[in-house]
Amino acid sequence: MANETTNVIAGIDTHADTHHVAVINEYGKPLADREFLAVGSGYRKIVEFITSYGPVTAVGVEGTGSYGAEIARALRGEGLCVLEVNRPNRAARRLKGKSDPLDAYQAAQSVLDGRATAIPKAKDGPVECLRILRAGRTSAVKARTAAINQIKGLLVSAPDNLRAKYRGLGTSAMITALQRSRPSGHIADPEYVCLVTLKALATRCQSLAAEIAAADAALREILDTYAPMLCDLPGVGTEVASQLLVTVGDNPDRLGNEAQFAALVGVAPIPASSGKTSRHRLSRGGDRNANRALHQVVLVRMGSCPRTKDYVAKRTAEGKSKREIMRCLKRYAARELYRQITNPQPAPSNADLRQMRTKLGFTITTAARELGHWPSKISSLERGLLRNDALATNYRQWLTEQTAKIPI
């Protein structure tokens, strides 16, 4: 055993059935390594093995999102600092070789060298529920699309009476009609077999549609409770909000600032200057699903948000391309979304708004219109911000003072 006053660092190479654990001291000297079963008793033995060599500074774990998810939770439950370790560089692996003990020591060394600094997702709250629901929903959407494509493909080569019957229908009406059809005939009749198959595919489509609708309802219910204000931001719906929350995880404090969030979602500007040209380009890193979600936000705002339209016109006049403008808009959207994710405000309720109107003697919209402070129609985001007790108190006081100035 090492001296009890010497801090140690552990590294874990995770697999489906076993985990290999290595321990080094704070000077990088290997102390011991051992293989454990990836089960509950094995996790307890891993904790005992690591802590037996002295105070543990940190534990580097590979694959915290897959094979290492449960051991990471077990280590955090024991109060140990867990850091996520990326797989070793391929060039270095070719030079030094590969084995489970080598990978475990490499994970510990990465923590000691400061190369492993990322805090893994907690995976123990409502965001993990969102991730699981999204996984099932995604597969259902893909299966429904495949079934629809198969239906249309079969109709292309189907007998003319079938094609003529369903040719003018839209996708939804066609699926409903096929599901309600009653095929009759002989098993050796191509027209009968084709119609039977089309009916089965249509039934599958409707079943998958019901599954997708149930997943959407569950996603909305979680979002209404966990992040009620996020969907009130312009361009943000259930799909975008759930994806961004899944990207951040149940512990958003693992992101130090909004610049780290921008890098995580792939919208941090990358310098691409040369000579007299000074510019930035789109990032090709980060979570591409989150980047796609931000892309959808920007597209919606470019088509419906007056402020965004004015910005696009201004930057276009300056000679910026559409791609460069969208890069800037993604960065601005990431900043706004990060603030809402890390500092969520409670959603407004009709009872609170009615109570506020009763106390003030007029509606917020009427006061805003009279004072010229807001447009005649305030957004749901602005109404929601009033739900915060401190903001609501300050706003009531401000309205009372300003209302006294309104001529009667």
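An account of the accompanying structure is given in this report. Just so we're clear, the structure is a prediction, and the values are computed from it rather than from any experiment.

### A few points about the packing of aromatic side chains
Per the stated rule, a full pass over the model turns up 4 aromatic pairs. Aromatic side chains phenylalanine 36 and phenylalanine 49 sit 5.5 Å apart centroid to centroid with 55° between the ring planes, which places their arrangement in the tilted category. A residue pair is termed long-range when its members are at least 10 positions apart, and phenylalanine 36 in strand E3 (residues 30–37) and phenylalanine 49 in helix H1 (residues 40–51) qualify at 13 residues. The interplanar angle of 75° and the centroid separation of 5.5 Å between the aromatic rings of phenylalanine 49 and tyrosine 53 together place this pair among those described as edge-to-face. On the basis of relative accessibility, which here comes to 6%, the residue phenylalanine 49 falls in the buried class. The exposure class of tyrosine 53 is buried, given its relative accessible area of 11%. Joined through ring pairs, the aromatic side chains of Phe36, Phe49 and Tyr53 make up one cluster.

### Quick word on empty space enclosed by the protein
Under the criterion given, the structure shown has 1 cavity of 30 Å³ or more. Approximately 60 Å³ is the volume attributed to the largest cavity. If you go around the largest cavity, the residues you meet are Lys121, Lys123, Val127, Glu128, Arg131, Val246, Gly249 and Asp250. Top element by residues in the lining of the largest cavity is helix H5 (residues 126–156). It accounts for 3 residues.

### Concerning the side chain of aspartate 250
Summarising the element assignment, aspartate 250 is placed in the loop between helix H9 (238–248) and helix H10 (258–264). One buried charged residue, aspartate 250, remains without a salt bridge, the closest side chain of opposite sign being lysine 123 at 7.8 Å. Side-chain polar atoms of aspartate 250 contact the backbone nitrogen of aspartate 124, separated by 3.4 Å.

Definitions and limits used
Residue numbers here run from 1 along each chain, matching the order of that chain's written sequence. Local features in this predicted model are restricted to residues of pLDDT 70 or higher, and side-chain atom pairs are both shown and tallied only at a pLDDT of 80 or more, whereas totals for entire chains, interfaces and linings draw on every residue. Side-chain figures throughout are based on the complete set of non-hydrogen atoms in the structure, without hydrogens or water. Here the aromatic set is Phe, Tyr and Trp, taking the six-membered ring for Trp, and pairing holds for ring centres within 6.5 Å; pairs whose planes are under 30 degrees apart are stacked, those over 60 apart are edge-to-face, and all others are tilted. Going along the chain from the N terminus, every DSSP run of H or I of four or more residues is numbered as a helix, and every run of E of two or more is numbered as a strand. Partly exposed residues are those whose accessible area sits between 20% and 50% of the maximum for their type, while under 20% is buried and over 50% is exposed, using a 1.4 Å probe and protein chains only. Site definitions follow a grid-based scheme: protein atoms alone, a 1 Å grid, a 1.4 Å probe that fits but cannot get out for cavities, and for pockets an open set with protein on both sides within 12 Å along at least five of seven lines, plus lining residues having an atom within 4 Å of a point. Grid points are joined across faces, edges and corners, and a volume is the space filled by probe spheres set on the points. Charged-residue counts in this description rest on Lys and Arg as positive and Asp and Glu as negative, His and the chain ends being excluded. Every case where a carboxyl oxygen of Asp or Glu lies within 4 Å of a side-chain nitrogen of Lys or Arg is listed as a salt bridge. Whenever a nitrogen or oxygen atom comes within 3.5 Å of another N or O atom, the pair is scored as a polar contact, on the condition that within protein one atom can donate a hydrogen and the other can accept it, and that pairs from neighbouring residues in sequence are kept only if both atoms are in side chains.

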